[in-house]
Amino acid sequence: MESNAEEQTGSAASVFHTERLQEVLAGLAASRAEPREVEFENSLRPRSFEEFVGQRQAVENLRVAIRAAAARGESPDHVLLSGPPGLGKTSLARLIASECGSTLHSTTGPALERARDLVGILTKLKRGDVLFIDEIHRTPVTVEEYLYSAMEDFSVELTLDQGPDARVLPLKLERFVLVGATTREGLLSAPFRGRFGVLERLAPYPDEDLIAIVVRSARLLGMPIEAGAAQALAARSRGTPRVVNRFLRRARDLAQVSGEAKVSSATALEALRRMGVDEHGLEELDRRILHCLARSAARPIGLKTIAAAVGEAEDTIEDVFEPHLLRCGFIERTSRGRVITRSGCAAIGVEPPGAAARADLSA
Ligand code: ADP
């Protein structure tokens with residue numbers, strides 16, 4: 001069942017980071033994010049928990065929480081979803097709302113600039129509604145404190161005016177379900193994290209799940225895909241459904257202009273080549289990061305320096321690029337900064353600097 005309705009909430013001013021992350025992820029498979037990217041993504045979203053591929057434990061835990069609450073005639077506990085971008089946090093938030101038969105309201109942590117932004121949203125919520133806050137770790141601390149009482153007692157105290165005229169207005173809220181999504185669970189304060197009853201961490205997907213996702217997406221797009229092509233796209237997609245779907249989109253375009261009725265392995269590989277995606281799933285910016293580290297002659301490099309050298313935001317490098325490079329064993333994080341490993345050097349075809357070789361040997 002689809003959620004009854006969805007509302008976008010929050011001031012447009014500071015959704016920059018979220019948009020940038022999505023743009024970068026989209027850009028991993030294309031030189032430039034396209035305006036229809038969001039529409040494309042929404043069209044492929046799973047419409048039920050059954051359609052949501054993989055992450056079995058997390059999905060099962062959510063279903064149990066929702067069913068148990070429904071049996072008691074209540075709304076489920078607040079849910080915190082964590083994991084790298086593109087793994088399905090937003091999709092799960094939508095599914096939670098639809099499974100509860102309630103309305104989803106979406107905003108982002110950075111969009112909640114002032115307490116009154118949040119209070120404005122909270123007071124609109126009806127009983128059982130789901131409030132989804134993406135990038136919840138970027139909620140300003142002053143606003144976060146308002147969420148505490150809202151989550152716990154379903155009330156907030158709004159301070160009106162300042163100085164001697166200041167008055168506190170207590171507001172009662174309807175019982176709602178907060179679903180928070182974060183790429184950095186570690187940045188959430190303990191009291192904040194402690195107010196979520198259900199915490200689920202999403203991990204990168206194994207190839208077989210990504211194959212299932214890309215085959216399903218191809219079916220929805222009306223363009224069949226050969227098994228070998230699905231395997232090729234999945235293997236290079238950094239364990240990320242959003243990335244495999246972007247790859248599919250380009251491969252489908254290529255198949256269409258070549259007059260093919262399906263995405264063949266050859267077309268998939270050609271699309272990946274044109275996107276500059278190598279056999280490890282590395283794209284241009286990954287390679288620039290690796291080259292930057294390789295040039296340092298084994299000296300650890302800080303995130304700031306890497307960001308300046310490759311012209312990308314520190315947050316984006318940490319959230320989007322580093323996890324994959326770390327998982328591949330191409331870089332290591334030390335207390336003094338990042339270093340490239342021997343296999344990282346091999347991936348970009350350069351000689352390993354001394355310490356990289358040593359780091360690999362001592363691993
Ligand atoms: P996040 O919020 O974690 O950044 P999204 O929920 O926006 O990720 O997912 C990105 C895209 O990947 C969406 O288009 C969605 O359809 C697809 N997707 C993510 N996870 C799954 C999954 N488990 N099964 C099928 N499609 C998925």
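Residues numbered from 1 in each chain as written. Predicted model: local features only at pLDDT ≥ 70, side-chain atom pairs only at ≥ 80, totals over all residues. Heavy atoms only, no water.

### Looking at the overall build of the protein
Then, in step 1: From N to C terminus, the protein includes 16 helices and ten strands.
Then, in step 2: Residues counted as buried form 52% of the 363 residues belonging to the protein.
Then, in step 3: Relative to all contacts within the protein whose residues are 6 or more apart in sequence, the contacts with residues 24 or more apart total 71%.
Then, in step 4: With an accessible surface of roughly 16,600 Å², the protein has 50% of that area assigned to carbon and sulfur atoms. (Helix = DSSP H or I, 4+ residues; strand = E, 2+ residues; numbered from the N terminus. Buried < 20%, exposed > 50% of the residue type's maximum accessible area, 1.4 Å probe, protein only. Contact = heavy atoms within 4.5 Å. Areas by Shrake-Rupley, 256 points an atom, 1.4 Å probe, with all protein chains shown as cover.)

### What to know about the pattern of salt bridges
Then, in step 1: Using the criterion set out here, one finds 26 salt bridges in the structure.
Then, in step 2: One salt bridge in this structure joins Arg238 and Asp286, with 2.8 Å as the shortest N-O distance. In this pair, Arg238 is assigned in the loop between helix H9 (227-235) and helix H10 (241-257) and Asp286 in helix H12 (residues 284-295), connecting sequence segments 48 residues apart.
Then, in step 3: Of the residues examined, Arg238 reaches a relative accessible area of 7% and is grouped as buried.
Then, in step 4: Each of Glu135, Arg138, Arg184, Asp315, Glu318, Asp319, Glu322, Arg333 and Arg338 takes part in a single network of salt bridges with overlapping partners. (Salt bridge = Lys/Arg side-chain N within 4 Å of Asp/Glu carboxyl O.)

### A word on the nonpolar core
Soluble globular proteins tend to pack their nonpolar side chains together in the buried interior.
Then, in step 1: Core analysis: the largest hydrophobic core is formed by 46 residues, its most contacted members being Phe49, Leu62, Leu92, Val179, Ile225, Leu233 and Val263.
Then, in step 2: Tallying contributions element by element places H10 first for this core, with seven residues.
Then, in step 3: Taken domain by domain, the makeup of this core includes at least three residues from each of domain 1 (43-201) and domain 2 (207-274).
Then, in step 4: Excluding its chain neighbours within four sequence positions, the residues that come into contact with Val263 are Met223, Pro224, Ile225, Glu226, Ala229, Ala251, Arg252, Ala255 and Ala268. (Core = buried A, V, L, I, M, F, W, Y, C linked by side-chain atoms within 4.5 Å. Domains from an automatic or database assignment.)

### Comments concerning the site of the ligand
Then, in step 1: Lining the immediate environment of the ligand, one finds 18 residues, of which Glu41, Val53, Gly86, Thr90 and Ser91 sit closest.
Then, in step 2: A distance of 2.7 Å separates an oxygen atom of the ligand from a polar atom in the backbone of Gly86.
Then, in step 3: At a separation of 2.7 Å, an oxygen atom of the ligand approaches a polar side-chain atom of Ser91.
Then, in step 4: Of the residues belonging to the shell around the ligand, the class tally is nine nonpolar, five polar and four charged.
Then, in step 5: Viewed by domain, the shell around the ligand spans two of them, domain 1 (43-201) and domain 2 (207-274), each represented by three or more residues. (Near = heavy atom within 4 Å. Polar contact = N/O pair within 3.5 Å; in protein donor to acceptor, adjacent residues only side chain to side chain. Nonpolar A, V, L, I, M, F, W, Y, C, P; charged D, E, K, R; others polar.)

### Side note on the packing of H12 against helix H14 (residues 314-327)
Then, in step 1: For the pair H12 and H14, interaxial distance at closest approach is 11 Å and the crossing angle is 75°. Judged by the angle between their axes, H12 and H14 are roughly perpendicular. Where H12 abuts H14, its residues Leu285, Asp286, Ile289 and Leu290 lie against Ile317, Phe321 and Leu325. (Axes fitted to C-alpha atoms, helices over the stretch in contact; angles between N-to-C directions. Parallel < 35°, antiparallel > 145°, perpendicular 65-115°, else oblique.)

### A word on helix H4 (residues 89-100)
Then, in step 1: The terminal C-alpha atoms of H4 lie 17 Å apart, and with twelve residues this matches the ideal 16 Å at 1.5 Å per residue to within 8%.
Then, in step 2: The element H4 is extensively covered by neighbouring structure, given that nine of its twelve residues are classed as buried.
Then, in step 3: Looking at H4, one finds that the buried residues are Lys89, Thr90, Ser91, Leu92, Ala93, Leu95, Ile96, Ala97 and Ser98.
Then, in step 4: Residues of H4 that are buried in the fold lie against helix H3 (56-71), strand S2 (79-82), strand S3 (104-108), strand S4 (130-134) and strand S7 (177-182).
Then, in step 5: With its phi angle positive at about 65°, Gly101 sits one or two positions after the end of H4. (Expected span 1.5 Å × (residues − 1).)

### Description of H3
Then, in step 1: Across its 16 residues, H3 extends 22 Å between first and last C-alpha, which sits within 8% of the 22 Å expected from 1.5 Å per residue.
Then, in step 2: Residues of H3 that are buried: Ala58, Val59, Leu62, Arg63, Ile66 and Ala69. Considered in projection along H3, the buried side chains sweep an arc of 135° and stay on one side of the axis. Exposed side chains of H3 directed beyond 90 degrees from the buried face belong to Gln57, Arg67 and Ala71.
Then, in step 3: Looking at the buried positions of H3, the neighbouring elements they touch are S2, H4 and strand S8 (198-201). (Arc of directions from axis to C-beta.)

### Things to note about the packing of aromatic side chains
Any aromatic ring pair is given by two values, namely how distant the centres are and how the planes are angled relative to each other.
Then, in step 1: Scanning the entire structure with this criterion turns up three aromatic pairs.
Then, in step 2: Relative to Phe176, the ring of Phe154 has its centre 5.5 Å away and its plane inclined at 90°; by these criteria the two rings are edge-to-face. A residue pair is termed long-range when its members are at least 10 positions apart, and Phe154 in the loop between helix H6 (141-153) and strand S5 (155-160) and Phe176 in the loop between strand S6 (167-172) and S7 qualify at 22 residues.
Then, in step 3: Considering the side-chain rings of Phe192 and Phe196, the 5.7 Å spacing of their centres and the 45° angle between planes classify their relative orientation as tilted. Like Phe196, Phe192 is buried.
Then, in step 4: Pairwise contacts between aromatic rings join Tyr148, Phe192 and Phe196 into one cluster.
Then, in step 5: Directly above the aromatic system of Phe40 lies the positively charged group of Arg249, at a separation of 4.6 Å from the ring centroid. (Phe/Tyr/Trp six-rings, centres within 6.5 Å; stacked < 30°, edge-to-face > 60°. Lys NZ or Arg CZ within 6 Å of the ring centre and 35° of its normal.)

### Remarks on the pairing of S3
Then, in step 1: Among the five residues that make up S3, five are buried, leaving the element largely enclosed by the rest of the structure.
Then, in step 2: The side-chain alternation of S3 yields two buried faces, one formed by Leu104, Ser106 and Thr108 and the other by His105 and Thr107.
Then, in step 3: When S3 meets S4, the two strands line up parallel, connected through five bridges. Bridging across to S4, Thr107 finds its partner in Ile133. (Pairing = 2+ DSSP bridges.)

Geometric descriptors of this kind do not, in isolation, establish any biological role.
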